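Tertiary structure, described
Chain residues, written in single-letter form:
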Amino acid sequence: MRGRLLALLEARAARRRARIVAALADMGVEAVVEGDDVRASGPGLAERWWRDRALRDVGRDGR
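Residues numbered from 1 in each chain as written. Predicted model: local features only at pLDDT ≥ 70, side-chain atom pairs only at ≥ 80, totals over all residues. Heavy atoms only, no water.

Some remarks on a positive patch on the surface
There is a patch of like positive charges on the surface, built from Arg12, Arg15, Arg16 and Arg19. Using a relative accessible area of 37% as the deciding quantity, one classes Arg19 as partly exposed. (Patch = residues over 30% accessible without salt bridge, like charges linked within 9 Å, V, L, I, M, F, W, Y side chains within 5 Å. Areas by Shrake-Rupley, 256 points an atom, 1.4 Å probe, with all protein chains shown as cover. Salt bridge = Lys/Arg side-chain N within 4 Å of Asp/Glu carboxyl O. Lys, Arg positive; Asp, Glu negative; His and termini not counted. Charge placed at Lys NZ, Arg CZ, Asp CG, Glu CD. Buried < 20%, exposed > 50% of the residue type's maximum accessible area, 1.4 Å probe, protein only.)

Encoded structure:
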C-alpha cells in the first residue's frame, strides 16, 4: 500500500515538472528536468523573473 502511494505521488510530481517545463517553453524560457528539479536558463532570465508574474506563478495552483 505504501509503495503504491509513493509511486502515485512520484508520478504526480513528474507530471507537474513536465507541465512547468512546457509552460516555460511557451514563454520562450529554456528549461529541463534534472532529477527532482526544473532548471530554467536564458539571457535576462533573472530580470524577467521579477517583471513577469506569470513566469513566477508557473507550477503553482495546479498549473
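Past the structure itself, the notes keep going.
Describing the pairing of strand S1 (residues 30-34)
Looking at chain direction, S1 and strand S2 (residues 37-41) are connected through five bridges and run antiparallel. Pairing of Val32 across the sheet is with Arg39, part of S2. Counting the residues that bridge the hairpin from S1 to S2 gives two residues, and of these Gly35 lies at a positive phi of roughly 65°. (Pairing = 2+ DSSP bridges. Helix = DSSP H or I, 4+ residues; strand = E, 2+ residues; numbered from the N terminus.)

Quick look at the pattern of salt bridges
Should their charged atoms come close, side chains of opposite charge can pair. In this structure the tally under the stated criterion is four salt bridges. The closest approach of N and O atoms between Arg48 and Asp52, which form a salt bridge, is 3.7 Å. Judged by relative accessible area, which is 24%, Arg48 ranks as partly exposed. A salt bridge links Arg53 to Asp57; its shortest N-O distance comes to 3.0 Å. A residue pair is termed a helical-turn pair when its members lie 3 or 4 positions apart in one helix, as Arg53 and Asp57 do in helix H3 (residues 53-57) at four residues. Through salt bridges with shared partners, a single network forms among Glu34, Asp37 and Arg39.

Geometric descriptors of this kind do not, in isolation, establish any biological role.
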